[in-house]
Amino acid sequence: MISIPHKTKQFLVLLVKLLIVGGAFYFIYNQLANNDKLDWQKFLVLFHKNQSVLGISFILLLSVLNRLFEILKWKYLVSYLHPISLAEATKQVLAGLTAGLFTPNGIGEYAGKALYFDKKEAKKVVFLNLICNGIQMILTMIFGVFGLLYFNAQYNVITSKTVAVLFGILVILFAILFSVKKITIKGYSIEKLIHKTNEIPKSIHQKNTLLAILRYLVFTHQYYFLFLAFDVDLPYFILISAISSVYFLASSLPTFQFLDFAVKGSVAVYFFGILGVNEWVVVFVTMLMWFLNVVLPVLIGSYYVLNFKPKMAI
C-alpha cells in the first residue's frame, strides 16, 4: 500500500473542501442568475405588495423546523451507535447536504456523514443514512399516491384504466422484490437489510417515523403558504394534493440536488398549470422552496466543510 505524506494528505483534504464549497456556490449562482423563467421584476412588485415581517418570519421558521426535524432524525438514529449532541448532528447533516449537492441523488451526503465517524463504523453510518432518507421517501410516496389520486379524481389527468395499470405494476414490483429477497448481491440482500433494520430499537424507528411525518407536513405546508403569499386562491385540499403529487413525481426521478429546483419546477408547472396558476408564480415559489431549504442550509454547511477535520483514514 502506497503511503501518502502528511503534508500531501492535508493539501488533498483542503483541495476537496474547496472543490465541494466552490462547486456548491457555482451551481447555486448558476441556477439563480441564468434561469430565464425567473421574472425578478414581477417578483419584487408582488413582494413589496404583500411583504410582512410576521409572514416572512413564519416562512423562515418553517425552513428551520424542516431542517431541525431532519437533524433530530439523524441524532436519534446515530444514538444506535453512540450518542451525539444536537450541535454535532447539525454539523454532520449540513456538511453532508453540502457534499451531496452536486452528486446524483445526493449520494455524496452518505460519504460526507461517514467521514465524521471511525472507518470501522462507515458501513453502519451509510446504512443509518439509508434508513433516515428511506422513511422520508416512503412517506413521500404514500402521501403522494393519495394526493395524485385525489387530484386525478377532480381533474381527470389520467384515465381510470391507466391508474389500474400503474397499480398493477406496483403490485408486481412488490411481488418480485418479495420473491427475490434472499438473492445476495455483494453480500447484501433484501432479507439481510430487513434483518439489520429490525436490529435497531423500535423506539428509534418510532421517533424517526414521527419526525419524518412532521418534516413532510412542514415542507408541504411551507409550499402551500408561499402560494397563498403569491395570491393563489385555491381550495386547501386541491392545492395540497397538487403539492404532494409534485413531490412524489419529482422524487421518483433520478437527479442532482442542485437541479432539484429545475426538476420540481417542471413537474409543478404542469400540475399548477392545470389549476390555472401563472407559470412565473409556480417557478418562483419552487425557487424559494429550493433557496430556503437547500441553499441556506448549504451556505451554513459550507462553513462546516471548510472546518472539517477527517476522522476516517484517507
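Under the annotation held in an unreviewed UniProt entry, the protein carries the name Lysylphosphatidylglycerol synthase-like protein and is attributed to Flavobacterium aquariorum.

Chemist: Can you help me understand helix H10 (residues 236–251) in this one?
Modeler: Given 3.6 residues per helical turn, the α-helix brings residues three or four places apart onto the same face. Here H10 is 16 residues long and its end C-alpha atoms lie 22 Å apart, about the 22 Å a rise of 1.5 Å per residue gives. Burial analysis of H10 places 12 of its 16 residues in the buried class, the great majority of the element. Every buried residue of H10 is listed here: Ile238, Leu239, Ile240, Ser241, Ala242, Ile243, Ser244, Ser245, Val246, Tyr247, Phe248 and Ala250.

Chemist: Just checking my understanding: could you explain a positive patch on the surface for this structure?
Modeler: Taken together, the side chains of Lys120, Lys123, Lys124, Lys192 and Lys196 present a region of like positive charge at the surface. Contributing elements (two or more residues each) for the positive patch: helix H6 (122–155) and helix H8 (190–199). Along the polypeptide, Lys124 turns up in helix H6.

Chemist: How should I be thinking about the packing of helix H3 (residues 53–78) against H6 in this particular structure?
Modeler: A pair of packed helices is characterised by two quantities: the angle between their axes and the separation of those axes. Look at H3 against H6: their axes get within 10 Å of each other, and the N-to-C directions meet at 140°. Judged on the interaxial angle alone, H6 and H3 are oblique. Judged by the twist between their axes, the crossing of H3 over H6 is right-handed. On H6, the residues that touch Glu70, Lys73, Trp74, Leu77 and Val78 of H3 are Val125, Leu128, Asn129, Ile131, Cys132, Asn133, Ile135 and Gln136. Taken together, the residues that form the contact of H3 with H6 break down as eight nonpolar, three polar and two charged.

Chemist: Looking at this model, I keep getting lost on the pattern of salt bridges. Mind explaining?
Modeler: For side chains bearing opposite charge, pairing can occur when the charged atoms are close. Enumeration over the complete set of coordinates arrives at four salt bridges. For Glu88, the salt bridge is made with Lys91, and the minimal N-O distance between the two is 3.3 Å. Note that Glu88 and Lys91 are positioned in helix H4 (residues 86–99) at a spacing of three residues, about one turn of the helix. Under the relative-accessibility criterion, Glu88 is labelled partly exposed at 22%. A salt bridge links Glu109 to Lys113; its shortest N-O distance comes to 3.0 Å. Here the residue Glu109 and the residue Lys113 both occupy positions in helix H5 (residues 107–114), the gap between them amounting to four residues, near one helical turn.

Chemist: Please clarify how the UniProt feature "transmembrane region" (unreviewed entry) in the protein should be interpreted in this entry.
Modeler: The residues that UniProt annotates with the feature "transmembrane region" (unreviewed entry) are residues 12–32, 52–69, 126–151, 163–180, 210–230, 236–254, 261–281 and 287–306. Helix and strand shares over residues 210–230 are 95% and 0% respectively, and the end C-alpha atoms of the span are 31 Å apart.

Chemist: When you look at the packing of aromatic side chains in this model, what are you seeing that I'm missing?
Modeler: Each aromatic ring pair is characterised by the separation of its centres together with the angle its planes make. Applying the stated rule across the entire model yields 18 aromatic pairs. Considering the side-chain rings of Tyr223 and Phe227, the 5.4 Å spacing of their centres and the 5° angle between planes classify their relative orientation as stacked. Of this pair, Tyr223 and Phe227 both sit in helix H9 (residues 202–229), four residues apart, which is roughly one turn of the helix. Residue Tyr223 is classed as buried on the basis of its relative accessible area of 0%. In this structure an aromatic cluster arises from ring pairing among Phe143, Tyr216, Phe219, Tyr223, Phe227, Tyr247 and Phe272. Taking NZ or CZ as reference, Lys113 lies 4.1 Å from the ring centre of Trp74, over its face.

Calculation criteria
Each chain carries its own residue numbering, running from 1 in the direction its sequence is written. Thresholds applied to this predicted model are a pLDDT of at least 70 for local features of residues and 80 or more for the giving and counting of side-chain atom pairs; totals over whole chains, interfaces and linings are not thresholded and use all residues. The basis for every side-chain value is the complete set of heavy atoms in the structure, and neither hydrogens nor water enter the calculation. Only runs of H or I of at least four residues qualify as helices and only runs of E of at least two qualify as strands under DSSP, and these elements are numbered from the N terminus. In this analysis, the expected span of each helix is defined as 1.5 Å times one less than the number of residues it contains. The rule is simple: take the accessible area with a 1.4 Å probe, protein chains only, and divide by the maximum for that residue type; under 20% is buried, over 50% is exposed, in between is partly exposed. Two joining distances apply to patches: 9 Å for like charges and 5 Å for nonpolar side chains (Val, Leu, Ile, Met, Phe, Trp, Tyr), and every residue must have over 30% relative accessible area and no salt bridge. Per-residue and other accessible areas were derived by the Shrake-Rupley procedure at a 1.4 Å probe size, with only the shown protein chains allowed to occlude residues. A pair is scored as a salt bridge if a Lys or Arg side-chain nitrogen falls within 4 Å of a carboxyl oxygen belonging to Asp or Glu. Residues scored as positive are Lys and Arg, those scored as negative are Asp and Glu, and His as well as the terminal groups of each chain are ignored. Every charge is mapped to an atom, namely NZ of Lys, CZ of Arg, CG of Asp or CD of Glu. Only C-alpha atoms enter the line fits that serve as axes; for helices the fit covers just the stretch in contact. Angles between N-to-C directions range over 0 to 180 degrees. Relative orientations are named as follows: roughly parallel for angles under 35 degrees, roughly antiparallel for angles over 145 degrees, roughly perpendicular for angles from 65 to 115 degrees, and oblique for any other angle. For any pair of crossing helices, the crossing counts as left-handed if the nearer helix is rotated counterclockwise from the farther one by less than a right angle, and right-handed if it is rotated clockwise. Every residue pair with non-hydrogen atoms within 4.5 Å of one another is taken to be in contact. When residues are sorted by character, Ala, Val, Leu, Ile, Met, Phe, Trp, Tyr, Cys and Pro go into the nonpolar class, Asp, Glu, Lys and Arg into the charged class, and all the rest, Gly among them, into the polar class. UniProt positions are given in the numbering used here, feature names are shortened, and annotations may be inferred rather than shown by experiment. The criterion for an aromatic pair is that two Phe, Tyr or Trp rings (for Trp, the six-membered ring) have centres within 6.5 Å, with stacked assigned to planes under 30 degrees apart, edge-to-face to planes over 60 apart and tilted to the rest. Only lysine NZ and arginine CZ atoms are considered, and such an atom sits over a ring when it is within 6 Å of the ring centre and within 35 degrees of the ring normal.

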